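Here are the chains, one letter per residue:
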Amino acid sequence: MRIVFLGAPGVGKGTQADRIAAQFKIAKISTGDLLREAVRNQTELGREAKQYMDQGQLVPDAVVIGLVRVKLQEPASANGFVLDGFPRTVPQAEELGRVLQTAQRPLHRVVNFQVPREDVVRRLTGRRSCPKCQTTFHTEFAPSKTGNACDRCGETLVQRSDDTREAIETRLQVYEEQTAPLIQYYARKRLLSELDASGSVDAVFEALFGVLAPFSAI
Ligand code: AP5
């Protein structure tokens, strides 16, 4: 199964990508996660990316395309993958198409997550994550059982540096300008499925499972 999750920041792509990857035993490839790892490790790439990420701007296409290219070639992706947060521009989508065509591994589906803007802002401002094991929580919708510490490893939870009101506004604007055109791009290729992602995590997973299950035997 080879799929793409498309949608504005905070619609729940990462949360569902974790569950779908576990359910169908496929790799989760999140460019946001890969970039944050590079930032944590203070690599040259991470230092360059951080300037863009903190402001809510996109990291240059060449950088993220390079990261994804490597991940797609790893054995972990052989059984399939869910791309979370990639592609995000038309040039990224075109390059992905070329890479997958060369490998004779075309996409099966692109799922567009839809959530009202006010809910997205609420999800993003309440998000907390563990700096050690990267588990994601939400102060209201998925609170940690132990207050401000990670349920899995006990580390103190933090807010992402791009989850400030200002950066969220920029991210939503960047999404409208640079990423939303991909909805039409994939609709024209007859790969798009729309998903109402405004319900609970379990309800969204159930709907998503219904969309993807037909492709699981491919
Ligand atoms: P990235 O990490 O991809 O951020 P994003 O697209 O802004 O998406 P988010 O991670 O914010 O949201 P999500 O949809 O995954 O929601 P989540 O499941 O976490 O990218 C970060 C930055 O990296 C970019 O701004 C850019 O600079 C750079 N970058 C990344 N990819 C790039 C690319 N391809 N090209 C260029 N630059 C790139 O959920 C959010 C919160 O809501 C959580 O707290 C969660 O618990 C909660 N929640 C989830 N589902 C529900 C639900 N159903 N009900 C209630 N709460 C929910």
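Located above this text is the structure these notes cover.
A brief report on the enclosed structure follows. (Residues numbered from 1 in each chain as written. Predicted model: local features only at pLDDT ≥ 70, side-chain atom pairs only at ≥ 80, totals over all residues. Heavy atoms only, no water.)

### What about the pattern of salt bridges?
Consideration 1: Going through the model one piece at a time under the given rule, you end up with 15 salt bridges.
Consideration 2: Of the charged contacts, one joins Asp-33 and Lys-28 as a salt bridge, the two residues approaching to 3.1 Å between their closest N and O atoms.
Consideration 3: The class for Lys-28 is partly exposed, based on a relative accessible area of 27%.
Consideration 4: Put simply, Asp-162 and Arg-160 hold a salt bridge, and the shortest N to O gap is 2.9 Å.
Consideration 5: Residues participating in the shared-partner salt-bridge network are Arg-127, Arg-160, Asp-162, Asp-163 and Arg-171. (Salt bridge = Lys/Arg side-chain N within 4 Å of Asp/Glu carboxyl O. Buried < 20%, exposed > 50% of the residue type's maximum accessible area, 1.4 Å probe, protein only.)

### Re the sheet that holds strand β2 (residues 27-30)
Consideration 1: Strand order in this open sheet of five strands is β2-β3-β1-β4-β7, and the pairing throughout is parallel. The sheet is open, and its two edges are formed by β2 and β7 (192-196), each paired on a single side. Taken pair by pair, the neighbouring strands of this sheet meet at an average axis angle of 20 degrees, ignoring direction.
Consideration 2: Where strand β1 (residues 2-6) and strand β4 (residues 109-114) come together, four bridges link them in parallel fashion. Counted as the bridge partner of Leu-6 is Asn-112 from β4. (Pairing = 2+ DSSP bridges. Helix = DSSP H or I, 4+ residues; strand = E, 2+ residues; numbered from the N terminus. Axes fitted to C-alpha atoms, helices over the stretch in contact; angles between N-to-C directions.)

### With respect to the site of the ligand
Consideration 1: Taken together, 33 residues lie near the ligand, and Thr-15, Gln-57, Arg-88, Arg-127 and Arg-171 sit nearest.
Consideration 2: Within the side chain of Arg-36, one N or O atom sits 2.8 Å away from an oxygen atom of the ligand.
Consideration 3: When the ligand is considered free in solution it has 1000 Å² of accessible area, and contact with the protein chains removes 96% of it.
Consideration 4: At the level of secondary structure, the elements contributing two or more residues to the shell around the ligand comprise α1 (13-24), α2 (31-40), α6 (117-125) and β6 (136-138).
Consideration 5: Top contributing element to the shell around the ligand by residue count: α2, with four residues.
Consideration 6: Among the residues forming the shell around the ligand, the class breakdown is 12 nonpolar, 13 polar and eight charged. (Near = heavy atom within 4 Å. Polar contact = N/O pair within 3.5 Å; in protein donor to acceptor, adjacent residues only side chain to side chain. Areas by Shrake-Rupley, 256 points an atom, 1.4 Å probe, with all protein chains shown as cover. Nonpolar A, V, L, I, M, F, W, Y, C, P; charged D, E, K, R; others polar.)

### Some thoughts on the nonpolar core
Consideration 1: Ranked by size, the top nonpolar core spans 58 residues in total, and within it Phe-5, Ile-20, Leu-96, Leu-107, Tyr-186 and Leu-212 carry the most contacts.
Consideration 2: In terms of residues, this core owes the most to one element, helix α4 (residues 61-73), which gives six residues.
Consideration 3: For Leu-96, the residues in contact, after removing those within four places along its chain, are Val-4, Leu-72, Leu-83, Phe-86, Pro-87, Leu-107 and Tyr-186. (Core = buried A, V, L, I, M, F, W, Y, C linked by side-chain atoms within 4.5 Å. Contact = heavy atoms within 4.5 Å.)

### Points about the packing of α1 against helix α9 (residues 201-212)
Consideration 1: Their axes nearest at 10 Å, the elements α1 and α9 cross at an angle of 50 degrees. When the interaxial angle is binned, α1 and α9 end up oblique. The hand of the α1/α9 crossing is right-handed. Contacts between α1 and α9 involve Thr-15, Gln-16, Arg-19, Ile-20, Gln-23 and Phe-24 from the first element and Val-201, Asp-202, Val-204, Phe-205, Leu-208, Phe-209 and Leu-212 from the second. (Parallel < 35°, antiparallel > 145°, perpendicular 65-115°, else oblique. Left-handed = near helix turned anticlockwise from the far one by under 90°.)

### Observations regarding the side chain of Gln-16
Consideration 1: Take Gln-16: it is sitting in helix α1.
Consideration 2: Each residue touching Gln-16, except ones within four places of it in the same chain, is listed here: Phe-5, Phe-113, Val-201, Val-204, Phe-205 and Leu-208.

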